[in-house]
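# Observations on the model geometry
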Amino acid sequence: MNSDCIVIAGSNMAECHPVAFQWVVEAKRRGATIIHVDPRFTRTSALADLHVPNRVGGDVVFLGALINHVLSGGHEFREYVTAYTNAADILPEEYVDAEDGAGLFSGYDPATRSYDNATWRPTGERDLTLSHPRCVFQVLKRHFARYTPERVQRACGISPQDFSRIAATLVSCSGRERTTAWVYAVGWTQHTTGVQHIRTAAILQLLLGNMGRPGGGILALRGHASIQGSTDIPTLFDLLPGYLPMPRPDDVSLERYLTRIPDTGFWGNKRSYLVSLLKAWFGDAATAENDFCFGALPRISGDHGTYRTVLDMIEGKIKGYFLWGQNPAVGSAGARLQRLAMAKLSWLVVRDLTVIESAAFWKNSPEIATGELRTDQIGTEVFFIPAASHVEKGGTFTNTQRMLQWHHKALDPPADARSDLWFAYHLGKRIRARLAGSTAARDRGLLNLTWEYPESGEEAEPAAEAVLQEVNGRGPDGRLLSGFAELKGDGSTACGCWIYSGCFAGGVNQTARRRPHTEQSWVAPEWGWAWPANRRILYNRASADPAGRPWSEAKAYVWWDAEAGQWTGHDVPDFERGKPPDFVPEPGAAGPAALGGADPFIMQRDGKGALFVSAGLADGPLPTHYEPAESPLVNALYKQDDSPVAKSYPDHPATHNQLGGAAVYPFVVTTYRLTEHHTAGGMSRTLSRLAELQPELFCEVSPSLAALRGLENGGWATIITARAAIEARVLVTRRVRPLRIPGEGVIHQIGLPYHWGSEGMVTGDTVNDLLPFVVDPNVFIQESKVATCDVKPGRRPRGPALTDLVMRYRREAGLEEDR
Amino acid sequence: MKHQASVASRLYGRLDDVSGEAGYAEHPPRVGFFTDTSVCIGCKACEVACKEWNALPDPDAGVLKLSGESYDNTSALGASSWRHVAFIEQGPLDAGAPAAGGLSPADVLGPALAGLASPDSVAPATRWLMASDVCKHCTHAACLDVCPTGALVRTEFGTVIVQSDVCNGCAYCVSACPFGVIDRREDDGRAWKCTMCYDRLRGGMEPACAKACPTDSIQFGPLDELRVTAAARVQELHASGVTDARLYGADPDDGIGGAGAFFLLLDEPEVYGLPPNPVVTTKDLPAMWKWAGGAAALLVAGVAAAFAGRRP
């Protein structure tokens, strides 16, 4: 709302986040320029000032060229960059950039497809003139020099005119007086280079001085309600609550584990975060003598992501599977594989509102029709457990802006439906009852868990507020803590998630606050509660200059009050309140004390915004363009074509998981969602009001692709990839435009919303069947935004003939001979 | 205060106190919808909220088919669809690949509506217009004027509603509506349309569609205030270069005496499927009665003359 420009890329915000989009509309009304970069002209584009169509998978080239535009034109916010980023860090002589390594950085091992980052570590010297040839700023300049508007045209299909319009707008809407925000969603993340897209945007925003300031930032729109919450208190295999890493087998002690987390900055207080977590989980059983039960935590020895797990199921390594609010038979990439995998389980528990495809695959899946699966030969015992919806239970949502909002129960769930909390709690209770008296070491962790929550009503519903209080944390006297600053590493405090500490400060459920914006300041701190410490903008120390003064009156947010000797402003300062701007840390200081008074990025070990990332990323210290795993183009920038570290899974005879070539699969296919439906359709295809609004699966094609392939609007098309073939109605639309790539010809892109499956009021083929198992190496997210396909008019074959069609294409593509 | 109106203003022309004219001595201010299509994101929350609140019948699951008309699968206002979001795609057809199958892009899409873009053109002017249509709650509502049973009435809020327990299904209203809004349900034969959530208004709440609209494209309030807001919005858009913006149904001197639900459009009304100059179909009722009366008199005279002429 306070932005002068909003660039929405990799997101269809109006369709997928319509409620949040009201603030974009409001910003536009206040004069902001709205730019939408997307392969399709969507409902977001309809309200944007400028829509620029692009090729899926070219985002690093586009963003990198914007960086190049900023650096080569001297448009960076120099004072901000020098003071607040690691631009001045000098890199070692051994460091080899992708610029000199044909697209690879120093330390690459082709055998393991991974990097050793030893040569990426800064020397410790800094050059505040930013002129040293090995300083990050100069390395950045060289690295991005080849990201030119011409290459943007070749890789993205964006004309130099459109590109320069965007670049000029960005530059004019950044600086002391103005700010630009970027908005992305899964259009950036669901790629083998997903993390690199966000990294490139982060570099751009740091160079333009748009981080930590009102109207700036990079907004990560999440997939659905409380997905932010499910990473904060994670359902991820490699994280503990509050972004603490999951222990590894070699973390033989708590001390050893802590050495993996930085000592300086706010991660320096790591011991208090972890020990308080262990105290929350294991209570009195956690003592200094037994390492606070650290040994009871699971260890991860490698990739246990969802795709690896599914392949393990196929190989018979996994017996049972719980699905809570997830419908992989429709919603996960390679949905066909997901169904084949579930057919190999001994048992499967599906908790959902209705009998979704993942609970019905054994009798009603495409594989039953093709004969690949036979109901009487599937040994999986499926338990369908009806779940309560969000209006049938109390609890919090944590949304995109890190804000927790409490929702009250509106009505009782029907019949046997129960809340997730009820199920987890009572399941735990029953397991613990079964294990009572066990002396086995492996059961000790479960038996030591604090597992007592007040129950109410006939159904013995556990109190969600009691769980939130545990998450908030308590002191030795049982008092609810006011924030994470109170946490101790000696076992005297307990806290279920350090970043959420304070959400129940003063014994008040801060997340349930609903003071209207008309009755409070424009930052609206009394609506819900945002982590950490109710800060609405992270790293907001950067909204003031190094001396602690706002960069401009227009963008004043927090500042140093010299008289009072503290930081103050419109928001809760994201900085130690009493640390003056000229504070210089003692040599060798640890924790927050190691950061200076002008180091705003307090979660970084050096307090600086990371233009160059020397540790923590699998795919290089600087973003580098690689083609998607399946692409009709070769890399226009480097010899290295696709991501050297992307994770693809070994092919299995049943998986059809190899990647298809562009000769047989000439078109780009991308998948997405519609306003009218919710993800895999379990909450929308089952409701008449929503089902009727988008009743059938369709593909969106340009008029010229329709002409090329003889597709008719409203008719049927069959879409074929190396994995599967599906049918969809045809929507011929001028909103999808072919891209003319100089020297390459025309790129046609086909759009497919992925909501349909075999159950519900409206049914259709499952788009995710088309996609391979290939993932980003950092976060294991699948590349579901881009693949290659063919399309032809008419419905797909039925029965075994469907498999024949897929195989015919595979043979033509040479995929079957590869065996 | 009893409002005095001539026969002409009861059926046509400016009428400032429509509720007073309908006989409400004391009444709240006339309320309405201002639908600003320039901020509509086509989310259809209005359609869903309307159907939920008013408990409109479910569609028959067996007949749910993609319309092929952009993202519009509701297609029109009807007896069980009281809000309808229209989607209009505009812009050049692409000039991408040469046609191979003998079809040209224009063949696939129908006759070309715009010239082909040159492949080198910069950011072609593609537009996707979205507009949530609804009953206009006309100042001069022909549906109400023609209703023989009194099922259609003017409320104290100045809106027009059907009393379903009085409707006999004659469908005079259906043919009388200049916008094609009101419609009969096939199963019970009665006529149905938007009530502007009369029950919610009675309870001091805004209509469900306006409540659900995330971008305030649908605004609800006293009609006088909405007209002021709308005029300012048009000026704002004109100032920012959106010169196509215009109001539809906001003029109390138009053919229906101004609509209770009016719109800000970005193109000609016909583009949205709206009649360009709607006129209340009962406008000429007095004249028609006069002619009909004359004809009847002539008939009587003729019959009399015939009888008279039979006498030898």
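Residues numbered from 1 in each chain as written. Chains lettered and ligands numbered in written order. Predicted model: local features only at pLDDT ≥ 70, side-chain atom pairs only at ≥ 80, totals over all residues.

Attention now goes to the overall build of chain A. Helices and strands together make up the secondary structure of chain A, namely 24 helices and 29 strands. Its C-alpha atoms give chain A a radius of gyration of 27 Å, near enough to 28 Å, the size a compact globule of 819 residues would have. Over its C-alpha atoms, taken along the principal directions, chain A stretches across nearly 80 × 70 × 55 Å. Taken across its 819 residues, chain A has 53% of its residues classed as buried. (Helix = DSSP H or I, 4+ residues; strand = E, 2+ residues; numbered from the N terminus. Rg over C-alpha atoms; globule rule 2.2 N^0.38 Å. Buried ≥ 20, exposed ≤ 12 C-beta atoms within 10 Å, placed from the backbone.)

Taken together, the contact between chain A and chain B spans 52 residues of the former and 40 residues of the latter. Among the elements of the structure, helix H2 (18-29), helix H3 (43-47), strand S3 (50-52), helix H8 (160-172), helix H22 (688-691), helix H23 (703-709) and strand S24 (725-732) of chain A are those that each provide at least two residues to the side of chain A that touches chain B. With six residues, the single largest contributor to the side of chain A that touches chain B is H23(A). In terms of residue class, the side of chain A that touches chain B is built from 25 nonpolar, 14 polar and 13 charged. (Contact = placed C-beta atoms within 7 Å. Nonpolar A, V, L, I, M, F, W, Y, C, P; charged D, E, K, R; others polar.)

Glancing now at the domain arrangement of chain B. Along its sequence, chain B is carved into domain 1 (13-57 + 74-87 + 128-281) and domain 2 (282-312). Computed from C-alpha atoms alone, the centre-to-centre distance between domain 1 of chain B and domain 2 of chain B is 40 Å. (Domains from an automatic or database assignment.)

All names here are of chain A. One way to put it is that helix H4 (residues 59-72) packs onto helix H7 (residues 149-156) with a least axis distance of 9 Å and a crossing angle of 165 degrees. Comparing their axes, H7 and H4 come out roughly antiparallel. Relative to H7, H4 is oriented so that their crossing is left-handed. Counting all contacts with H4, which are made through Val-61, Phe-62 and Ala-65, the residues of H7 involved are Pro-149, Arg-151, Val-152, Ala-155 and Cys-156. Among the residues making up the contact of H4 with H7, the classes are represented as seven nonpolar, no polar and one charged. (Axes fitted to C-alpha atoms, helices over the stretch in contact; angles between N-to-C directions. Parallel < 35°, antiparallel > 145°, perpendicular 65-115°, else oblique. Left-handed = near helix turned anticlockwise from the far one by under 90°.)

On to helix H24 (residues 800-812) of chain A. Residues and elements named next belong to chain A. Given a rise of 1.5 Å per residue, 13 residues ought to cover 18 Å, and the 19 Å separating the end C-alpha atoms of H24 matches this to within 8%. Regarding H24, the residues found buried are Leu-802, Val-806, Tyr-809 and Arg-810. Buried residues of H24, viewed axially, fall in a sector of 105 degrees; they line one side. Pointing more than 90 degrees away from the buried face of H24 are the exposed residues Pro-800, Ala-801 and Arg-811. Buried residues belonging to H24 abut helix H18 (366-370), strand S23 (716-720), S24 and strand S29 (787-793). Remark: Gly-814 follows H24 within two positions and exhibits a positive phi of approximately 80 degrees. (Expected span 1.5 Å × (residues − 1). Arc of directions from axis to C-beta.)

Our next topic: H4(A). All names here are of chain A. Between its first and last C-alpha, H4 extends 20 Å over 14 residues, near the 20 Å set by a 1.5 Å rise per residue. H4 sits mainly inside the fold: 13 of its 14 residues count as buried. Looking one or two places after H4, you find Gly-74, whose phi comes out positive at around 65 degrees.

This paragraph deals with the environment of A:Ile8. All names here are of chain A. Here Ile-8 is to be found in strand S1 (residues 5-9). Sequence separation of Ile-8 and Tyr-184 is 176 residues, and the distance between their C-alpha atoms is 6.1 Å. If we skip the residues at most four places from it in the chain, Ile-8 touches Met-13, His-36, Thr-44 and Val-183.

What follows covers the sheet that holds strand S10 (residues 320-324) of chain A. Residues and elements named next belong to chain A. Overall, parallel pairing links the three strands, which are arranged S10-S11-S12 in an open sheet. Looking at strand neighbours, the two that pair on one side only are S10 and strand S12 (381-386), the edges of this open sheet. Each adjacent strand pair in this sheet contributes to an overall mean axis angle of 10 degrees, direction not counted. When S10 meets strand S11 (residues 347-352), the two strands line up parallel, connected through five bridges. Of the residues in S11, the one forming a bridge with Gly-320 is Trp-347. (Pairing = 2+ DSSP bridges.)

This part is about unusual backbone geometry. All names here are of chain A. For the peptide bond that leads from Trp-531 to Pro-532, omega is -10 degrees, which places it in the cis range. Of note, Pro-532 is situated in the loop between strand S17 (529-530) and strand S18 (558-561). Residue Tyr-539 is not a glycine yet carries a positive backbone phi of 55 degrees. Structurally, Tyr-539 is set in the loop between S17 and S18.

Our next topic: the sheet that holds strand S13 (residues 395-399) of chain A. Residue and element names in this part refer to chain A. Within the open sheet, the three strands sit side by side as S13-S14-S17. Their pairing is antiparallel. The open sheet has two free edges, formed respectively by S13 and S17, since each of these has just one partner strand. Of the strand pairs in this sheet, strand S14 (residues 403-407) and S17 are connected by two bridges, and their pairing is antiparallel. By the bridge assignment for S17, Met-403 is matched with Ala-530.

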